[in-house]
Amino acid sequence: MTTAQTAHPAPPPSMRLRELAFGAACAAALRAAARLGVADALGDTPLSAEDLAAAVKAEPKPLRRLLRALTCYGVFTEQPDGTFAHTEMSRLLREDDPGSLRNICLWCTEPWTWDAWPKLDEAVRSGRNVVEALYGKEFFVYLNEDAPESADVFNRAMTTSSKQSARDVAELLDLSGAKSVADIGGGQGHVVASLLEKYPDMHGTLMDLPRVVDHADARLREGGALADRVTIVPGDCREAVPVQADVYIIKNILEWDDESTARCLRNVMATGGPGARVVVIENLVDDTPSMRFSTAMDLLLLLNVGGAKHTTESMVSRLRAAGLVIDDISPVNPYLHAFDCTVPA
């Protein structure tokens, strides 16, 4: 019987643990398929391993072994005649799929991750990142100076993730009555762009580090469709937030040490003043259907920058410690939650 036809009972704990110990093989197989472009070469018609190998310039027998490994996880499926076809997951490895996760799969398996994961016990003992000891440099300095290809993968992955989640954020948030919104640490500005498209009378501000906003979404730059309704402000929100707005969005950046997080929140509150609305959006490592994903990201943050994802309780405690009043906590999608807050009088 083929992989697609065979139904196996759930493995016993001893075998499941063996499978978990070989988790790196699954990650490596995803990376190999993404780099080879197997999903892009496979269309709606099932293909043999030989035809796929010719399309991606690989050897047929090893490619069949790679595909067989991935079908065990529902990435591709093998047909009764031995050809391979797409599944919902394998389509997400295509570059042209609207929900493509190709760049994210590459980012999670970049070469530096294979150096860092074996040192997780050291990070747990010390509570510190391991990248600085590995490479002698802070993580993002290392990426930009010594691993430019990996830095490019990171930028593409973050762009993909931001574009996809920006639509969900814009759909969730009701900003009726607000005249201005500021996306603090907003990357290339996909969230603020989506909100400006939803609210045609609103003005937006994008603030992030200079090297980040230099590559802002084309809609926000000079000549773009939203350029006349947006201001781009280069800067570090941990130093100052020179941005006046009715609503502040802070998405996926409060993963630093506690003092840096507190400084960012204090800066936003000081500028926004009493009555300003502050919406903090984060992945959580509890109370979420994506805990395997979120907890894995949490451990990776420990390894690379010494940061951490939040539990609901830890996020609430930091927001309240900063002086914010929490009005509502809502799921944005299966992996993000929004903490809707107000700066008190």
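About the thresholds
Residues numbered from 1 in each chain as written. Predicted model: local features only at pLDDT ≥ 70, side-chain atom pairs only at ≥ 80, totals over all residues. Heavy atoms only, no water. Core = buried A, V, L, I, M, F, W, Y, C linked by side-chain atoms within 4.5 Å. Buried < 20%, exposed > 50% of the residue type's maximum accessible area, 1.4 Å probe, protein only. Contact = heavy atoms within 4.5 Å. Helix = DSSP H or I, 4+ residues; strand = E, 2+ residues; numbered from the N terminus. Polar contact = N/O pair within 3.5 Å; in protein donor to acceptor, adjacent residues only side chain to side chain. Pairing = 2+ DSSP bridges. Right-handed = clockwise from strand over helix to strand, strands pointing away.

Novice: Where do I start with the nonpolar core in this structure?
Specialist: The nonpolar side chains of a soluble globular protein tend to be buried, and buried together. The biggest cluster of nonpolar side chains holds 38 residues, and the ones touching the most others in it are Leu63, Phe76, Trp107, Trp112 and Leu143. In this structure, Leu63 is in contact with Leu36, Val38, Ala49, Leu52, Ala53 and Val56, ignoring residues within four places of it in sequence. Met207, Tyr248, Leu265 and Leu324 belong to the second largest nonpolar core, which has 29 residues in total.

Novice: Help me understand the side chain of Thr71, please; the structure alone is not making it clear to me.
Specialist: Mapped onto the elements of the fold, Thr71 is located in helix H5 (residues 60-71). Among the polar contacts made by the side chain of Thr71, one reaches the main-chain carbonyl oxygen of Arg68 at a distance of 2.7 Å.

Novice: For this particular structure, what's the right way to read the pairing of strand S6 (residues 247-251)?
Specialist: Consecutive side chains along a regular strand alternate between the two faces of the sheet. S6 sits mainly inside the fold: 5 of its 5 residues count as buried. Here S6 shows two buried faces, one formed by Val247, Ile249 and Lys251 and the other by Tyr248 and Ile250. Two strands pair when backbone bridges link them, and S6 and strand S7 (residues 277-282) are joined in this way by 5 bridges, in the parallel orientation. Pairing of Val247 across the sheet is with Arg277, part of S7. A crossover links S6 with its parallel partner S7, the connecting element being helix H15 (residues 258-272), and its sense is right-handed.

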